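# Secondary and tertiary structure notes
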Amino acid sequence: MEWENSALGSLFVPDVVTPEQFYDGRRDDSEIRPVKRLMLAVLEDALRCFQNNATAVGGIRKRLFKEAEEWLCGSGGQGPFSFDTVCETLGIEPQFLRGGLIDWRNQQLNGGAQRKLARRSPVVRSGRISTPSQRRKTASQG
């Protein structure tokens, strides 16, 4: 019992950390949250371009597919919006996602099912987009 109170004993006694203390720093991503949302949007757009244009034979759709494929499946890439950085920031294993995309592409080439990435939320805009000054004029005239 005497060794528990000595300096050597304190090495073997774990520090008590509550779950709230442990997760507190990990949960507060308020400063980076807008960047994460942008990264998620970039990733979703690349996945959508990859899947929706995978069967394109030419033109702009083929170019969109090639650009998405290069970003998603290419090696390397530097900067905050490289595929690896985006995935790591969002908590996604980049190699796992790449493997899934390659498997999906191979299934498409072999005549597999045509399941594509669905839209998270529909973007619907009715009417014309106007500037605030045009809206004020219309409102004051009506």
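Read on for a plain summary of the structure. (Residues numbered from 1 in each chain as written. Predicted model: local features only at pLDDT ≥ 70, side-chain atom pairs only at ≥ 80, totals over all residues. Heavy atoms only, no water.)

## Side note on the packing of helix H4 (residues 59-73) against helix H6 (residues 94-109)
The packing of two helices is summarised by the inter-axis angle and the distance between the axes. Two elements in contact, H4 and H6, have axes whose closest approach is 10 Å; the angle formed by their N-to-C orientations is 140°. In terms of orientation, H4 and H6 fall into the oblique class. For the pair H4 and H6, contact is made by Phe65, Leu72 and Cys73 and by Arg98, Leu101, Ile102 and Arg105, respectively. When the residues that make up the contact of H4 with H6 are grouped by side-chain class, the tally is five nonpolar, no polar and two charged. (Axes fitted to C-alpha atoms, helices over the stretch in contact; angles between N-to-C directions. Helix = DSSP H or I, 4+ residues; strand = E, 2+ residues; numbered from the N terminus. Parallel < 35°, antiparallel > 145°, perpendicular 65-115°, else oblique. Contact = heavy atoms within 4.5 Å. Nonpolar A, V, L, I, M, F, W, Y, C, P; charged D, E, K, R; others polar.)

## Examining helix H5 (residues 83-90)
Among the residues of H5, Phe83, Val86 and Cys87 are the ones counted as buried. Projected down its long axis, H5 shows its buried positions confined to an angular sector of 95°, all on one face. Next to the buried residues of H5 lie helix H3 (33-52), H4 and H6. One or two steps after H5, the chain reaches Gly91, where phi turns positive at roughly 80°. (Buried < 20%, exposed > 50% of the residue type's maximum accessible area, 1.4 Å probe, protein only. Arc of directions from axis to C-beta.)

## Quick word on the packing of H3 against H4
Between H3 and H4, whose axes approach to 8 Å, the crossing angle comes to 130°. Between H3 and H4, the angle is such that the two are oblique. The chirality of how H3 crosses H4 is left-handed. Residues Val42, Leu43, Ala46, Leu47, Cys49, Phe50 and Asn52 of H3 form the contact with H4, whose participating residues are Arg61, Leu64, Phe65, Ala68, Glu69, Trp71 and Leu72. Its residues assigned to classes, the contact of H3 with H4 shows 11 nonpolar, one polar and two charged. (Left-handed = near helix turned anticlockwise from the far one by under 90°.)

## Considering the nonpolar core
When a protein is soluble and globular, its nonpolar side chains tend to lie buried together. Core analysis: the largest hydrophobic core is formed by 16 residues, its most contacted members being Leu43, Phe50, Leu72, Phe83, Leu97 and Leu101. Listing elements by their share of this core, those giving two or more residues are H3, H4, H5 and H6. Per element, the largest residue contribution to this core is six residues, and it comes from H3. Ignoring any residue separated from it by four or fewer positions in sequence, one finds Leu101 in contact with Leu47, Phe50 and Leu72. (Core = buried A, V, L, I, M, F, W, Y, C linked by side-chain atoms within 4.5 Å.)

## Some words on H4
Counted at 1.5 Å a residue, the expected span for H4 with its 15 residues is 21 Å, and the 21 Å between its end C-alpha atoms agrees. Among all positions of H4, only Phe65, Ala68 and Leu72 are buried. Down the axis of H4, the smallest arc covering the buried residues is 70°, so these residues share one side. Facing away from the buried side of H4 by more than 90 degrees, the exposed set consists of Gly59, Ile60 and Glu70. For H4, the elements touching its buried residues are H3, H5 and H6. (Expected span 1.5 Å × (residues − 1).)

## Digging into a nonpolar patch on the surface
Judged by side-chain polarity, Ile32, Val35, Leu38 and Phe81 come together as a nonpolar surface patch covering roughly 300 Å² of accessible area. The topology assignment puts Val35 in helix H3. (Patch = residues over 30% accessible without salt bridge, like charges linked within 9 Å, V, L, I, M, F, W, Y side chains within 5 Å. Areas by Shrake-Rupley, 256 points an atom, 1.4 Å probe, with all protein chains shown as cover. Salt bridge = Lys/Arg side-chain N within 4 Å of Asp/Glu carboxyl O.)

## Section: the pattern of salt bridges
Taken as a whole, this structure holds three salt bridges when the rule is applied. Lys66 is the partner of Glu69 in a salt bridge, and the nearest nitrogen-oxygen pair spans 3.5 Å. In this pair, Glu69 and Lys66 are both assigned in helix H4, three residues apart and thus about one turn of the helix distant. The partly exposed category is assigned to Lys66, whose relative accessible area is 43%. In this structure, Asp84 engages Arg98 in a salt bridge whose closest nitrogen and oxygen atoms are separated by 3.2 Å. One end of the pair, Asp84, is in helix H5; the other, Arg98, is in helix H6, and 14 residues separate them in sequence.

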